[in-house]
Amino acid sequence: MDKDKNKISYDQLSDDKAVREIMEKMAASEIQTVFDRAQAMKCCPIGSGISGICCKNCAMGPCRVREDKTGLCGATMATIAARNLARHIAAGAAAHSDHGRDLAHLLGLVAEGKAPGLEIKDEFKLLKFAKNLDIEIDNRDVKEIAKEASDKALSIFGQQLGEVDLIKMAPLKRQEVWRKNNVVPRGVDREIVEIMHRTHIGVDQEAEHILDQAIRCAIGDGWGGSMIATEITDILFNTPRAVNAKTNLGMLREDEVNLVIHGHEPTLSQIIVELSSDKELLDYAKSKGAKGINIVGICCTANEILMRQGVAPIGNFLSQEIAVMTGAIELMVVDIQCIMQALGKLVKNFHTTLVTTSPKCKIEGSVHMEFKDDNGPELAREIIKMAIDNFPKRKGKVHIPDVTSDLVAGFSHEYIKYMLGGKFRESFRPLNDAIIDGRIQGAVAVVGCNNARQCHDKYHNFLTRELIKRDYLVVLTGCAAISTAKCGLMEPEALKYAGEGLRSICEAVGIPPILHMGSCVDNSRILTVLSEVVQEGGLGEDISELPVAGIAPEWMSEKALSIGTYVAASGIYTVFSGEPIPVESSEEVKKIMTEVWQKKYGGQLEYIADIEELLDKVIKVIQEKRKALKIDTKKERVLLDMEARRTLKDV
Ligand code: BF8
C-alpha cells in the first residue's frame, strides 16, 4: 500500500476519509487491495473496447478487430461490439433475475409455513402485487394468495410466449412503444437464453437487431426479475419507510462483536439481525469479553437491511477489503454478487472468518455454511456464535476510523407518495406541481457501483451536490447511495446545499433533496415512481416526456449495463462515465444506442468521460424536456411568485 512509490495520493484514490485513513495506516504492510491491483495492472484496451474490439465467441479467435478489419468469420466491429454488450446485459439481467426468482420461491415457502423465521410482513403490498399478476384476491386467505403469487411470479421466469405480466405497470404509451418495436419480453429467462443463442457464432449479425434483443432482455430485468425481487422483498420484510441510521467505518465497535453482512440477498441477513438481540447470544458474547453484537453491512445486502431496520452500511463495493483491514471484524457473511474473491486471502491476515452461504457461491479461503429453505434461524445462530468465538482472537490493536455520518433512508415509492400527499391523500401531485412550476427542475437517478479505475465515490458525490444545488431532486440506489450517505449528503443539514426551489419543496413536505431508494434491484422502484408520476398527469403521457435522467458515473458490473439499458428502454436519457461502455470503438454501435434508440424508444444510453461535460449534458437534456412540455420555467416561476405576491398585497 505504499502509494508514495508511484506518487498516487490517497486523495486520488478515494473520496472517503475513513478509507483513506486505513490505507495510510496499512501503507507499510504487504497486504494488497483492489486499489493496489488497479495500479499494478492496467486495463486491456481491446477488451475495454477503446481501441478495437475482441471476439472470443469461437475457437478461431480470439479475433482482435480494428477499424475496417473483420474477424475470421467476417464479423465486423459493430457486430462484435453489439454481441459482447448483449452478452454482458444477459449476465446482468440473469444476476438480478435469479435473485428475484429465489425470492419468488421463498414467498411460496413462507406461504406454506416451510421457511422458519420468516413471515409475510406487508399484506397490503402482497395484495397489490397479486392484483398486478391478475390474481383473484377477494375473500381469500392471505397465505393462499401468497402461494399463487409465488407460483405466478415463478412462471414469469420460464414463460415462453406472450408478455411478462408486470410490464403493464408501465404507462400505456410505453407499452405501445415496446410492442411496436417487438421488444416486450416473453419470459425473463427466455430473453437471456435467446441472447446467448443469437450471439453464438454465425447467428444474429446485424448490430441493431442484436441490440433490440438486448433491450428486450433488459426490460425483462427491470420490469420483470428486478421488479419481482423488490416487490417480494417488501412483502416478506416490509415496505421501507423513512429510517434514521449512521454510516461508515466508524460504526464498527472496538468493544463489541462486529459481524458484517455483505452481498445482495437480504433473507439470511434479516434473520441474523433479528437474532443479534437474542439474550442467550448476548450473554454468550459477554462471556467472551464483548459488550454486545454489532451487525453492520456492505454493498446491497446492507442497503436492503438499512432500508427496513436501519442497520449501518459501513461501506460500498470498494470498502470491502478496507473494512477487514480495520482488524475489528470478527466475521463477514456473504451471499451473492459483488463479493471480491480477494477477501478469501485477505482474511487470513486477520482473525476474521469469511462465511459463504449461498449454494451459488463458494470462495477459497472461506467457510461454506449453506443456507437452505428450512435452516435459517439455526444457521444464523451458528454464524453469530462463530463470530462471538472470534472476538477474543483479535490480532493486535484494531483501528477503527472515527468517521461516521447520519443518514435518512427508506424511500420506497409508497413512502415518497405518503410524504408528498399525507396519509389520507397519498399522491405524487405535489411533486408534479413542483416540477411544473419549476421549483424542482427535474429528477436524476445517480446509481451504480464503484470502480477501482476511478477515484472511489468522487463522482457520485460531485454529481449529487451539483444537481441538488441546481434544483434537481436526486434519487439513489446501490453503491451510489452509500457513497453520498458516507460523505454526509444524506444528513438533514444537507438541505442547505439544495437550491432555493428544491429546498422549499423539501421543507414543505419533509423529505430530503437526496432520496435513498435502496439496493440495485430497487432501481425498479424508480420505474414505478416514474409510471405513477405520468399517471398523476401534467407531465405528458409517457416516461420519455418526463424531465428526468439516469447516471451511473462509477459503473463496473454487468448488472449496471442491464440497468442502464432498461432505463434507456423505458424512455430515459442515460449516461455512464468512468470506464467506457465496451462499445466505444464502434461508431456504428454508439449511433444505434443514441440516435437510433432515441427515435425508437425515446431514451438512449451513452458514455461521457468528462464529468462536467456529463453534468451539462444531463441538464441540457432535462431542460429540453421541460421546453417540450412547455414548462421551461425559472422565469415562469418568478412571474408566478410575483403574481402571488401581488394577490397577497391586494388582499
Ligand atoms: O448491486 S452498485 S458494486 S453492490 S452492482 Fe455491486 Fe454495483 Fe454496488 Fe449492489 Ni449494484
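For the structure itself, look to the data block above.
Residues numbered from 1 in each chain as written. Predicted model: local features only at pLDDT ≥ 70, side-chain atom pairs only at ≥ 80, totals over all residues. Heavy atoms only, no water.

**A closer look at the side chain of S319**
With respect to the element layout, S319 can be found in the loop between β6 (313-315) and α13 (320-324). Look past the residues within four positions of S319 in its chain and what remains in contact with it is V19, I298, H456 and K486. (Helix = DSSP H or I, 4+ residues; strand = E, 2+ residues; numbered from the N terminus. Contact = heavy atoms within 4.5 Å.)

**Considerations on the packing of aromatic side chains**
Using the criterion set out here, one finds four aromatic pairs in the structure. Ring geometry for W178 and W223: centres 5.6 Å apart, planes at 65°, overall edge-to-face. With W178 in helix α7 (residues 172-180) and W223 in helix α9 (residues 207-237), this residue pair connects regions lying 45 residues apart in the sequence. Among the residues examined, W178 registers a relative accessible area of 0% and is labelled buried. Every member of this aromatic cluster is reached through a ring pair, and the members are F411, Y415 and Y418. Just above the ring of Y418 sits the side chain of R241; from NZ or CZ to the centre is 5.3 Å. Above the plane of the ring of Y284 lies K385, whose end atom (NZ or CZ) is 5.9 Å from the centre. (Phe/Tyr/Trp six-rings, centres within 6.5 Å; stacked < 30°, edge-to-face > 60°. Buried < 20%, exposed > 50% of the residue type's maximum accessible area, 1.4 Å probe, protein only. Lys NZ or Arg CZ within 6 Å of the ring centre and 35° of its normal.)

**What to know about the site of the ligand**
Looking at the ligand, the residues that line it are H264, C299, C300, F317, C338, G448, C449, C479, C520, M556, S557 and K559. One of the side-chain nitrogen or oxygen atoms of K559 is found 3.0 Å away from an oxygen atom of the ligand. Residues that form the shell around the ligand fall into these classes: eight nonpolar, three polar and one charged. (Near = heavy atom within 4 Å. Polar contact = N/O pair within 3.5 Å; in protein donor to acceptor, adjacent residues only side chain to side chain. Nonpolar A, V, L, I, M, F, W, Y, C, P; charged D, E, K, R; others polar.)

**Brief notes about the pairing of strand β11 (residues 442-446)**
Most of β11 is tucked away: five of the five residues are buried. The alternating pattern of β11 places G442, V444 and V446 on one face and A443 and A445 on the opposite face, and all of these are buried. The pairing of β11 with strand β12 (residues 472-476) spans five bridges and is parallel. Pairing of A445 across the sheet is with V475, part of β12. Sheet topology places β11 next to strand β14 (residues 548-552); four bridges connect them, and they run parallel. Its bridge partner lying in β14, V446 is registered against I551. (Pairing = 2+ DSSP bridges.)

**What about the side chain of T199?**
Its location among the elements puts T199 in the loop between α8 (188-198) and α9. Judged by relative accessible area, T199 falls into the buried class, the value being 0%. Of note is the side chain of T199, whose polar atom sits 2.7 Å from the side chain of R87. Discounting chain neighbours no more than four positions away, the residues touching T199 are N57, R83, A86, R87 and I210.

**Things to note about the pattern of salt bridges**
Taken as a whole, this structure holds 53 salt bridges when the rule is applied. The residue D165 makes a salt bridge to K168 at a minimum N-O spacing of 3.3 Å. On the basis of relative accessible area, K168 is assigned to the partly exposed category, the value being 35%. Residue R429 is joined to E536 by a salt bridge in which the shortest nitrogen-to-oxygen separation is 3.7 Å. (Salt bridge = Lys/Arg side-chain N within 4 Å of Asp/Glu carboxyl O.)

**Side note on the environment of V260**
Relative to the helices and strands, V260 is located in strand β4 (residues 257-263). In this structure the C-alpha to C-alpha distance between V260 and N294, which are 34 residues apart in sequence, comes to 8.4 Å. Beyond its immediate sequence surroundings of up to four residues, V260 is in contact with V296, G297, I298, I314, I329, L331, M332 and V333.

**A look at the coordination of the nickel atom of the ligand**
Protein coordination of the nickel atom of the ligand is limited to a single donor, C520 (SG), positioned at 2.2 Å. Taken together, the four donor atoms coordinating the nickel atom of the ligand span angles of 91 to 155° at the metal, a pattern that classifies the geometry as irregular. Looking at the element boundaries, C520 is found in the loop between β13 (514-516) and α21 (523-536). (Donors = N, O, S within 2.8 Å, 3.2 Å for Na, K, Ca; no water. Tetrahedral: all angles 85-135°; square planar, octahedral: opposite > 155°, others 65-115°.)

**Thoughts on the sheet that holds β4**
Strand pairing in a sheet relies on backbone hydrogen bonds, with the paired strands running either antiparallel or parallel. Sheet architecture is open: six strands sit in the order β6-β5-β4-β7-β8-β9, paired in parallel fashion. Taken across any chain shown, the strands that pair with only one partner, and hence form the sheet edges, are β6 and β9 (367-368). Alignment of β4 against strand β7 (residues 331-334), held across four bridges, turns out to be parallel. Directly across from L259, in β7, lies its bridge partner L331. The sheet contacts of helix α10 (residues 267-275) involve β4, β5 (293-298) and β7, and relative to β4 the element is tilted by about 160°. In the packing of helix α15 (residues 376-390) onto the sheet, contacts are made with β4, β5, β7, β8 (353-356) and β9, and the angle to β4 comes to roughly 135°. (Axes fitted to C-alpha atoms, helices over the stretch in contact; angles between N-to-C directions.)

**Comments concerning the packing of helix α11 (residues 279-287) against α15**
Between α11 and α15, the shortest axis-to-axis distance is 9 Å and the interhelical angle comes to 15°. One way to sum up the angle between α11 and α15 is to call them roughly parallel. Taken as a pair, α11 and α15 cross one another with a handedness that is right-handed. In contact with E280, L281, Y284 and A285 of α11, α15 contributes R381, I384, K385, I388 and D389. Per-class residue counts for the contact of α11 with α15 are five nonpolar, no polar and four charged. (Parallel < 35°, antiparallel > 145°, perpendicular 65-115°, else oblique. Left-handed = near helix turned anticlockwise from the far one by under 90°.)

**Notes on the pairing of β8**
If a strand is regular, its side chains alternate between the two faces of the sheet. Here β8 shows a buried face lined by T353 and V355 and a second buried face lined by L354 and T356. Here β7 pairs with β8 via four bridges, running parallel. Opposite V334, over in β8, you have T356 as the bridge partner. Sheet analysis places β8 next to β9, joined by two bridges and oriented parallel. Within the sheet, the bridge partner assigned to T356 lies in β9 and is H368.

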